[in-house]
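# A closer look at the structure
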Amino acid sequence: MNLNEYMNRGISLLLKTAGRYYFNNPRGIAFLAKTVPEIKKNAKRRQRHEEAGLHVPPFLIASITSSCNLHCAGCYARAAGACTDGGAQDMTAAEWQTIFAEASALGISFILLAGGEPMVRRDVLEASASFPNMVFPVFTNGTMMDEAYLKLFERHRNLIPVFSIEGGRRATDARRGEGAYRAAVDAMAHFRKRKILFGASITVTKANSKDVTQACFVEALRQKGCGLVFFVEYVPVEPGTERLSLGDTDRKDLQKTVDALRDRFPDTILVSFPGDEEAAGGCLASGRGFFHISANGGAEPCPFSPHSQLNLRESTIEDALRSGFFLRLREIAVNAGHHGGCTLFEHKEEVEALTGGTAP
């Protein structure tokens with residue numbers, strides 16, 4: 001298959017859905033009129049790099065801070081040591097600005113901002129807003145949303161908030177803490193009132209998979225104004241939580257259900273991760289479809305595989321994409337095939353052997 005064509009089709013679908021969402025919305029239409037041509041230019045930049053022997057993915061994931069105001073049960077970032085209550089080693093806004101500028105020049109179109117809690121770093125969000133040729137989904141728990149932030153998102157539609165929930169109030173508060181669900185829902189209401197595109201991210205486990213994939217649950221999110229939904233399979237990076245991860249049958253059922261939901265809700269973007277990677281010919285990490293940048297600059301294959309041999313404080317995105325480390329990881333991921341779940345996590349011993357040790 002042609003991976004670039006596959007990824008570009010997905011981006012085109014996303015933009016069409018945004019177009020339907022912003023129909024008869026003057027500010028939204030103005031945002032799309034400025035952004036869509038830039039996204040198309042980015043695709044052409046990536047194609048030129050491809051022809052010159054460099055594969056540039058359309059996506060990056062950037063954990064812009066290691067700080068978080070919540071202590072969610074089973075958090076992959078805390079389990080990997082990438083999420084703390086400090087953040088002293090985090091990159092500065094100027095360093096992130098340099099990385100965003102290189103990504104922009106290479107033709108990368110989307111940088112998913114995560115953490116920690118990304119809204120701890122208003123300075124980095126303001127830096128990302130200055131790149132209108134890229135879109136920045138901001139994965140947030142929503143508890144820090146205030147009037148100043150609402151105005152920032154309203155002025156810069158290339159910042160798209162994605163609120164993390166686990167289902168309804170009981171499930172969300174059980175994992176994220178009392179009041180977490182209400183904070184997210186209240187924030188959604190503010191964005192719906194302002195007619196600003198936003199999304200929801202749901203960690204899918206054995207405990208909640210049936211509930212969060214019901215059509216009525218997705219419809220309820222749509223009624224709240226939600227325009228995109230991420231179903232992220234739980235990866236048991238924290239010892240003792242293996243019981244929460246989906247089995248092979250669960251994953252197959254999840255993918256069938258998400259496909260059916262797409263047919264039912266064609267005006268809503270529904271993403272299954274890593275389930276959708278099967279259609280892309282395998283794991284998209286290590287620069288194939290994206291890679292992860294840690295809060296201290298480490299170029300890592302994926303948030304669930306926090307291994308690094310290059311740091312973007314001293315190296316570049318292009319260095320990481322050309323590195324033998326990422327090349328070997330892509331070979332492992334593709335040759336292993338995709339049978340559901342996180343491929344690199346399933347092959348973590350091979351991944352760790354390339355780094356000479358375990359992840360931090």
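Note: the structure precedes this text.
So, here's what we can say about the structure. All values derive from a computational prediction rather than experimental measurement.

Cut-offs applied
Residues numbered from 1 in each chain as written. Predicted model: local features only at pLDDT ≥ 70, side-chain atom pairs only at ≥ 80, totals over all residues. Heavy atoms only, no water. Helix = DSSP H or I, 4+ residues; strand = E, 2+ residues; numbered from the N terminus. Buried < 20%, exposed > 50% of the residue type's maximum accessible area, 1.4 Å probe, protein only. Contact = heavy atoms within 4.5 Å. Areas by Shrake-Rupley, 256 points an atom, 1.4 Å probe, with all protein chains shown as cover. Salt bridge = Lys/Arg side-chain N within 4 Å of Asp/Glu carboxyl O. Arc of directions from axis to C-beta. Axes fitted to C-alpha atoms, helices over the stretch in contact; angles between N-to-C directions. Parallel < 35°, antiparallel > 145°, perpendicular 65-115°, else oblique. Left-handed = near helix turned anticlockwise from the far one by under 90°. Nonpolar A, V, L, I, M, F, W, Y, C, P; charged D, E, K, R; others polar. Core = buried A, V, L, I, M, F, W, Y, C linked by side-chain atoms within 4.5 Å. Pairing = 2+ DSSP bridges.

## A short note on the overall build of the chain
A count of helices and strands for the chain gives 15 helices and 9 strands. Counting over 360 residues, the chain shows a buried share of 55%. At a minimum sequence separation of 6, the contacts of the chain that also span at least 24 residues come to 71%. A total accessible area of about 15,400 Å² is found for the chain, and carbon and sulfur atoms account for 53% of it.

## Focus: the pattern of salt bridges
Going through the model one piece at a time under the given rule, you end up with 18 salt bridges. Among the salt bridges present, the one from E126 reaches R122, with a minimum N-O distance of 2.9 Å. Taken together, the residues E126 and R122, both in helix α5 (residues 122-129) and 4 residues apart, mark about one turn of the helix. Look at E126 and you get partly exposed, because its relative accessible area is 39%. For R122, a relative accessible area of 27% gives the class partly exposed. R182 is the partner of D186 in a salt bridge, and the nearest nitrogen-oxygen pair spans 3.1 Å.

## Quick word on the environment of P266
Take P266: it is sitting in the loop between α11 (248-264) and β7 (269-273). Taking the C-alpha atoms as reference points, P266 and T17, separated by 249 residues in sequence, lie 8.1 Å from one another. Each residue touching P266, except ones within four places of it in the same chain, is listed here: T17 and R20.

## What to know about helix α10 (residues 215-223)
Residue pairs spaced three or four apart in an α-helix point in one direction, given the helix's 3.6 residues per turn. Those residues of α10 lying buried are A215, F217, V218 and L221. Taken end-on, α10 shows its buried residues confined to a sector of 165 degrees, consistent with a single buried face. Count one or two residues on from α10 and you reach G225, which has phi positive near 105 degrees.

## Observations regarding the packing of α5 against helix α6 (residues 147-155)
Orientation of α5 relative to α6, taken along the N-to-C sense of each, is 15 degrees, at an axis distance of 11 Å. Between α5 and α6, the angle falls in the class roughly parallel. Our pair here, α5 against α6, has a crossing hand that is left-handed. Residue-level inspection shows R122, L125 and E126 of α5 in contact with α6, the latter providing A148, Y149, L152 and F153. Of the residues contributing to the contact of α5 with α6, the split by class is 5 nonpolar, no polar and 2 charged.

## Points about the environment of E242
Position of E242 relative to the elements: it lies in the loop between β6 (228-233) and α11. By relative accessible area, which is 45% here, E242 ends up partly exposed. With 37 residues separating them along the chain, E242 and T205 place their C-alpha atoms 10.0 Å apart.

## A few points about helix α7 (residues 169-176)
Turning to α7, its buried residues are T172, D173, R175 and R176. Structurally, α7 contributes buried residues whose contacts are with β4 (159-165), α8 (180-194) and β5 (199-204). Positive backbone phi, approximately 115 degrees, marks G177, located one or two places after α7.

## Concerning the nonpolar core
Counting residues in each nonpolar core, the largest one holds 97 residues, and the members touching the most others are I111, F231, F291 and I317. With 6 residues, the single largest contributor to this core is α8. If near-sequence neighbours (up to four positions away) are discounted, I111 is found in contact with L60, A62, F100, A103, M134, V135, F136 and P137.

## Thoughts on the pairing of β6
With respect to burial, β6 is a largely interior element, 6 of its 6 residues being buried. Covered by surrounding structure in β6 are L228, F230 and V232 together with V229, F231 and E233, the residues of both alternating faces. The pairing of β5 with β6 spans 6 bridges and is classified as parallel. Bridge pairing in β6 places S201 opposite F230. One ladder, built from 5 bridges, connects β6 with β7; its direction is parallel.

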